[in-house]
Amino acid sequence: MDMEEKPKYGEPRKFDPSFKGPIQNRGCTDIVCCIIFIIAIVGYLAVGILAWTHGDPRKVIYPTDSMGQFCGQGKLEKQPFLFYFNMMKCASPMVLLEFQCPTPQVCVQTCPNRTMTLITAISKPQDWEYYKSYCKEDPGHKAAAQILKEKLCPAYLVSSNPFLQRCFPSMGKKGEVITVGDQEKFSDGVNELDAKDLMAGMKNASIVMEGRQVAMKIFEDYTKSWYWILICLLIAVVLSLIFIVLLRFLAGVMVWVMILMVVAVIAYGIAHCSIKYVSLKDTPGSNITLQQLGFQPDFAVYLHIRQTWLAFIIILAILELIIILLLIFLRNRIRVAVELMKEASRAIGYVMSSLVFPIFTFFLLAIVIAFWGVNAVFLSTSSEPVYKVFNETECVHSRETCNPENFTSSSMKSDCPHSQCLFAFYGGETPYHKYLILLQFYNVFLFFWCANFVTALGQMTLAGAFASYYWAFDKSKDMPAFPLCASLGRSLRYHTGSLAFGSLLLAIVQVIRVLLEYIDHKLKGAENKFAKFLLCCLKCCFWCLEKFIKFINRNAYIMVAIYGKNFCRSARDAFFLLMRNVVRVVVLDKVTDFILFLGKLLIVGLVGIFAFFFFSGQTDAFKGTAPSLHYYWVPILTVLVCSYLIAHGFFSVYAMCVDTLFLCFLEDLERNDGSAERPYLMSENLLNVLKKKNQAN
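Treat the numbers as computed from the prediction; the structure is a model and nothing was measured.

**Q** Quick question: what am I supposed to make of the overall build of the protein here?
**A** If you tally the helices and strands in the protein, you get 23 helices and 13 strands. Counting only residues that meet the buried cut, the protein has 47% of its 697 residues in that class. A separation of at least 24 residues holds for 71% of the contacts in the protein among residues at least 6 apart in sequence. For the protein, the accessible surface area stands at approximately 35,700 Å², while carbon and sulfur atoms represent 65% of it.

**Q** Please explain the packing of aromatic side chains as it appears in this structure.
**A** Here a ring pair, both rings aromatic, is described through the centre-centre distance and the interplanar angle of the planes. All told, the structure shown has 22 aromatic pairs when counted by the stated rule. Taking 5.8 Å as the distance between ring centres and 80° as the angle between the ring planes, the aromatic pair formed by Trp 52 and Phe 371 counts as edge-to-face. With Trp 52 in helix H1 (residues 31-54) and Phe 371 in helix H12 (residues 357-380), this residue pair connects regions lying 319 residues apart in the sequence. Here the aromatic cluster, defined as three or more aromatic residues joined through ring pairs, consists of Phe 37, Phe 445, Trp 449 and Phe 453. The side chain of Arg 114 reaches across the aromatic face of Tyr 130, ending 4.1 Å from its centre.

**Q** What should I look at first to understand the packing of helix H15 (residues 436-471) against helix H19 (residues 529-563) in this one?
**A** Two measures define how a pair of helices packs: the angle their axes make with one another and the distance between the axes. Where H15 contacts H19, the axes come no closer than 8 Å and their chain directions differ by 50°. By the criterion of interaxial angle, the relationship of H15 to H19 is oblique. Seen from above, H15 lies across H19 with right-handed handedness. In this structure, H15 uses Ala 456, Gln 459, Met 460, Ala 463, Gly 464, Ala 467 and Trp 471 to contact H19, whose residues at the interface are Arg 554, Tyr 557, Ile 558, Val 560, Ala 561 and Ile 562. When the residues that make up the contact of H15 with H19 are grouped by side-chain class, the tally is ten nonpolar, two polar and one charged.

**Q** Is there a simple way to explain unusual backbone geometry in this structure?
**A** Among all residues save glycine, negative phi is the norm, and among peptide bonds the norm is trans. The residue Asp 30 is not glycine, and still its phi comes out positive at about 50°. Along the chain, Asp 30 falls in the segment before H1.

**Q** Looking at this model, I keep getting lost on the pattern of salt bridges. Mind explaining?
**A** Evaluated as defined, the whole model comprises nine salt bridges. Between Glu 517 and Lys 539 there is a salt bridge, and its shortest N-O distance comes to 3.6 Å. Here Glu 517 is found in helix H18 (residues 496-522), whereas its partner Lys 539 is found in helix H19, with 22 residues between them in sequence. What makes Glu 517 partly exposed here is its relative accessible area of 41%. Looking at Lys 539, the relative accessible area reads 23%, which means it is partly exposed. Close ionic contact of Asp 573 with Arg 572 constitutes a salt bridge, the shortest N to O distance being 3.3 Å.

**Q** What is the right way to look at the pairing of strand E5 (residues 160-163) in this model?
**A** Strand residues, when the strand is regular, have side chains that alternate between the two faces of the sheet. Sheet topology places E5 next to strand E6 (residues 166-169); four bridges connect them, and they run antiparallel. Within the sheet, the bridge partner assigned to Pro 162 lies in E6 and is Cys 167. Where E5 folds back onto E6 in an antiparallel hairpin, the turn is made up of two residues, including Leu 164, whose phi is positive at roughly 55°.

**Q** Sorry, what's going on with a nonpolar patch on the surface here?
**A** Taken together, Leu 234, Val 238, Ile 242, Val 245, Leu 246, Phe 249, Leu 250 and Val 253 make up a surface patch of nonpolar side chains, about 710 Å² in accessible area. Examined against the element boundaries, Val 253 turns out to sit in helix H8 (residues 209-279). For Val 253, a relative accessible area of 51% translates into the label exposed.

**Q** What is the right way to look at the state of the cysteines in this model?
**A** Linking two cysteines covalently through their sulfur atoms gives a disulfide. Considering all chains together, one arrives at three disulfides under this definition. In this model Cys 71 forms its disulfide with Cys 107; the gap between the sulfur atoms is 2.0 Å. Because the torsion about its S-S bond is -75°, the bridge between Cys 71 and Cys 107 counts as left-handed. Within this pair, whereas Cys 71 is found in the loop between helix H2 (58-61) and strand E1 (81-84), its partner Cys 107 is found in strand E2 (residues 105-108), the two being separated by 36 residues in sequence. In terms of burial, Cys 71 and Cys 107 fall into one category: buried. Bridging Cys 135 to Cys 153, the disulfide has an S-S length of 1.9 Å. Between Cys 135 and Cys 153, the disulfide has an S-S torsion of 110° and is therefore right-handed. Placement of the pair is Cys 135 in the loop between helix H5 (125-131) and helix H6 (144-149) and Cys 153 in the loop between H6 and strand E4 (156-157), with a sequence separation of 18 residues. Judged by its relative accessible area of 9%, Cys 135 is buried.

**Q** Just checking my understanding: could you explain the packing of H19 against helix H20 (residues 567-580) for this structure?
**A** Orientation of H19 relative to H20, taken along the N-to-C sense of each, is 105°, at an axis distance of 8 Å. Taken together, the axes of H19 and H20 lie roughly perpendicular to each other. Where H19 abuts H20, its residues Phe 548, Phe 551, Ile 552, Asn 553, Asn 555, Ala 556, Tyr 557, Met 559 and Val 560 lie against Phe 567, Ser 570, Ala 571, Asp 573, Ala 574, Phe 575 and Leu 578. Class assignment for the residues of the contact of H19 with H20 results in twelve nonpolar, three polar and one charged.

Cut-offs applied
- Residues numbered from 1 in each chain as written.
- Predicted model: local features only at pLDDT ≥ 70, side-chain atom pairs only at ≥ 80, totals over all residues.
- Heavy atoms only, no water.
- Helix = DSSP H or I, 4+ residues; strand = E, 2+ residues; numbered from the N terminus.
- Buried < 20%, exposed > 50% of the residue type's maximum accessible area, 1.4 Å probe, protein only.
- Contact = heavy atoms within 4.5 Å.
- Areas by Shrake-Rupley, 256 points an atom, 1.4 Å probe, with all protein chains shown as cover.
- Phe/Tyr/Trp six-rings, centres within 6.5 Å; stacked < 30°, edge-to-face > 60°.
- Lys NZ or Arg CZ within 6 Å of the ring centre and 35° of its normal.
- Axes fitted to C-alpha atoms, helices over the stretch in contact; angles between N-to-C directions.
- Parallel < 35°, antiparallel > 145°, perpendicular 65-115°, else oblique.
- Left-handed = near helix turned anticlockwise from the far one by under 90°.
- Nonpolar A, V, L, I, M, F, W, Y, C, P; charged D, E, K, R; others polar.
- Salt bridge = Lys/Arg side-chain N within 4 Å of Asp/Glu carboxyl O.
- Pairing = 2+ DSSP bridges.
- Patch = residues over 30% accessible without salt bridge, like charges linked within 9 Å, V, L, I, M, F, W, Y side chains within 5 Å.
- Disulfide = S-S within 2.5 Å.

Spatial relationships are all this shows, so hold off on functional conclusions.
Laid out in structure tokens, this is it:
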């Protein structure tokens, strides 16, 4: 059903007496885009099936030996660890290019816990039996020289520990001297070597030792604290629900309570940091600067430095000052926003199912993310094993592709007698492998498109339900029995094309931003300042464009939910409606967003303070309960981030309700004048705030 022509910018709207709120008798919109979206989804499923057919996730989960076999799988099920014959070969620069050490690698049952050489082990039956478990095959009764020539066994074993299913030397320190297996030196069968000689190989074969230790400690902390992290997140859910329920009945009081509590929480943070700063005054070593200290793997060291707490005090004080100044200058506008939130509270009271609707949206987003992730893994592992020639001496065939099945009888072996055909990496030369990068790009693009579509569906569904509330003259009689389900049905039946259109525009901009970030990452070492400046400008422009499109899309979906028109016309109508009321947009809408943000901040602050005292063990009440952690900031940061996401999910319902009622409110002001023929449909409270009233019949 088409409505009257919209007025030009600044002109009042003509009254349409046939308008009764959200259009029920509507038609399909943006059909072409709907068809394109369906075809794209079918193609997305086809890419998934193709990836699942060719891919093998074991390639990224399990290490691969020199023959391309997976450790811990199939016939190697009892040999889950990968052992390198000569870790020092991993120091070769080719490791960084091909991600494979030029040394034989075998799957073993356990990493070696002893340090010995082949020459010493072969003379002792008990040691030799142990040593043979790290050979490619049983050397039989061959001499040591022949075994080393054929590379059947490593020249030496070094005491090792497993990490990511790979055996790495057990590196340690005695004072300033690096040790391996508590020894400062080890033998490779020929020479006595320093333990530090293994470090270069270890750095290329894995991450830096300190980084590895930090990662292992963080992982261990998660295994000890995940249960308590979930409890903290459950507390965040309960607090979010409590605040929403309280806003339903005490919107005005709760808004001011939230504001004051946020100010109080930040003030407490300033006081706590000040106490810490003063208490460290006479502590030895606490007065050094962060610059002098440098990077430390143990982040707890920073908490013993006065400058750290001084930085916290300054940051919190600036944040406190900004909030107080905003409250002073916006106090009158906040009162208006409170009335709008009260109206939103009443609307949610009529559509109580909207409180759990974010769970439905989150479930759909989880499916989209899971499908994208599985596709990405299968696409990245759908290559075939590539074997290359590795040789310690000069060889004309070095790094050439080879076939391990016939390598011993090939011309490559005859030309280079000491060479080996070892697994290098995964690749392929078939048409499928050549276009693999395009399939990955399609997977990423459809991920953004589908994720934005799900978000848009949630926004339009909520907008339709809340618009039904606003335009119902008698709320108890004129509203549908199940407004949320009715709105969801209308959105999917009539406006899938409009949802796909808006989400497509946003997905294109987001993909461009991802490409710009990728280019920026590649150009980090470049010295072309003009290119860096141009790239920075492009990133800034597309960031702004993404924010603008999100704003337009959100309001366009509201107009589509109300009038049932196509996306472009709805976006135009919403934009000009907001421009005709730009002052109200800035004051009412954005102040409300700020208040909701304070609510999120309060929930995060309360849960964060609880998590800090619990995991840090600084309170006697939790000392016997809290797990012993290497870095107590790991679960605290996790709780803070996840708590914000949880609070954001619940408060997004309120934000969408306020935005919808705000647009309806503006439409109401333009369509009606308070006369008996054209009465305002807004609540009495809003009429009082605006100093307007309906005339009696």
